[in-house]
Amino acid sequence: MTKTEIYNKMKQAYYTLDIEAVQARIWAHHALNSDWLDGVYTDWEETAHRKETESQGVFNAMTDILPNWVNYDIDDNTRVLVNKLTTLRAELKQLTTLEEVA
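Here is a short report on the structure shown in this document.

**Re the overall build of the protein chain**
Moving on, step 1. On a plain count of helices and strands, the protein chain comes out with three helices and zero strands.
Moving on, step 2. N-terminal to C-terminal, the α/β element order of the protein chain is α-α-α.
Moving on, step 3. Over its C-alpha trace the protein chain gives a radius of gyration of 16 Å, far above what one expects of a compact globule, namely 13 Å for 102 residues.
Moving on, step 4. On the principal axes, the C-alpha backbone points of the protein chain span a range of 50 × 20 × 20 Å.
Moving on, step 5. When the 102 residues of the protein chain are sorted by exposure, 31% land in the buried category.

This is the structure we're talking about:
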C-alpha cells in the first residue's frame, strides 16, 4: 500500500466519523424541537461528541504517521465523503441559523 492509499484510507475514516457526528448533531437538533423525540437529545449529543473525539484521534494518527500529509492527493471516494460532509454541515448551519432567527 502506498502512502497516498494510506492517506486516503485514513482521510475516509476521518470524514466518515465527521459525517456521523454532524448527522448526530442534526438528529439532536430535531429531537430538541420535537415532542416525539423527547428525551433522546442527550443521546444524540453524546454520540456526536464521541464521533468528534474519534475523528480527532484518526486525524492525529494520520498526522503522526504521514507528517507531510498535505502533499497527497485525495481520491474519488474521499472526495465523495468531503462533499457529503460539506452538505451536512450546511444543513446543520441552516437549522441552527433558523432557530436563532425564530
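Okay, back to it.
**A look at the packing of aromatic side chains**
Moving on, step 1. Per the stated rule, a full pass over the model turns up six aromatic pairs.
Moving on, step 2. Through pairs of rings, three or more aromatic residues link up here, namely Tyr-7, Tyr-14, Tyr-15, Phe-59, Trp-69 and Tyr-72.

**A word on the side chain of Gln-12**
Moving on, step 1. Counting through the fold element by element, Gln-12 comes out in helix H1 (residues 3-32).
Moving on, step 2. Here Asp-75 takes part through its side chain, which lies 3.3 Å from a polar atom of the side chain of Gln-12.

**Concerning the environment of Ala-24**
Moving on, step 1. By the element assignment, Ala-24 lies in helix H1.
Moving on, step 2. For the pair Ala-24 and His-49, spaced 25 residues apart in the sequence, the C-alpha separation amounts to 8.9 Å.

**Digging into the nonpolar core**
Moving on, step 1. Counting twelve residues, the largest nonpolar core consists of Tyr-14, Tyr-15, Leu-17, Ile-19, Val-22, Ile-26, Val-58, Leu-81, Leu-85, Leu-88, Leu-92 and Leu-95.
Moving on, step 2. When residues in this core are grouped by element, the largest group, six residues, is from H1.

**Examining helix H2 (residues 41-65)**
Moving on, step 1. Between its first and last C-alpha, H2 extends 36 Å over 25 residues, near the 36 Å set by a 1.5 Å rise per residue.
Moving on, step 2. Taken as a whole, H2 has its buried residues at Ala-48, Lys-51, Ser-55, Val-58 and Met-62.
Moving on, step 3. In this fold, the buried residues of H2 make contact with H1.

**Some details on a nonpolar patch on the surface**
Moving on, step 1. A contiguous nonpolar surface patch, about 400 Å² in accessible area, is contributed by Trp-27, Trp-36 and Trp-44.
Moving on, step 2. In this fold, Trp-27 is placed in helix H1.
Moving on, step 3. Looking at Trp-27, the relative accessible area reads 39%, which means it is partly exposed.

About the criteria used
- Residues numbered from 1 in each chain as written.
- Predicted model: local features only at pLDDT ≥ 70, side-chain atom pairs only at ≥ 80, totals over all residues.
- Heavy atoms only, no water.
- Helix = DSSP H or I, 4+ residues; strand = E, 2+ residues; numbered from the N terminus.
- Rg over C-alpha atoms; globule rule 2.2 N^0.38 Å.
- Buried < 20%, exposed > 50% of the residue type's maximum accessible area, 1.4 Å probe, protein only.
- Phe/Tyr/Trp six-rings, centres within 6.5 Å; stacked < 30°, edge-to-face > 60°.
- Polar contact = N/O pair within 3.5 Å; in protein donor to acceptor, adjacent residues only side chain to side chain.
- Core = buried A, V, L, I, M, F, W, Y, C linked by side-chain atoms within 4.5 Å.
- Expected span 1.5 Å × (residues − 1).
- Contact = heavy atoms within 4.5 Å.
- Patch = residues over 30% accessible without salt bridge, like charges linked within 9 Å, V, L, I, M, F, W, Y side chains within 5 Å.
- Areas by Shrake-Rupley, 256 points an atom, 1.4 Å probe, with all protein chains shown as cover.
- Salt bridge = Lys/Arg side-chain N within 4 Å of Asp/Glu carboxyl O.

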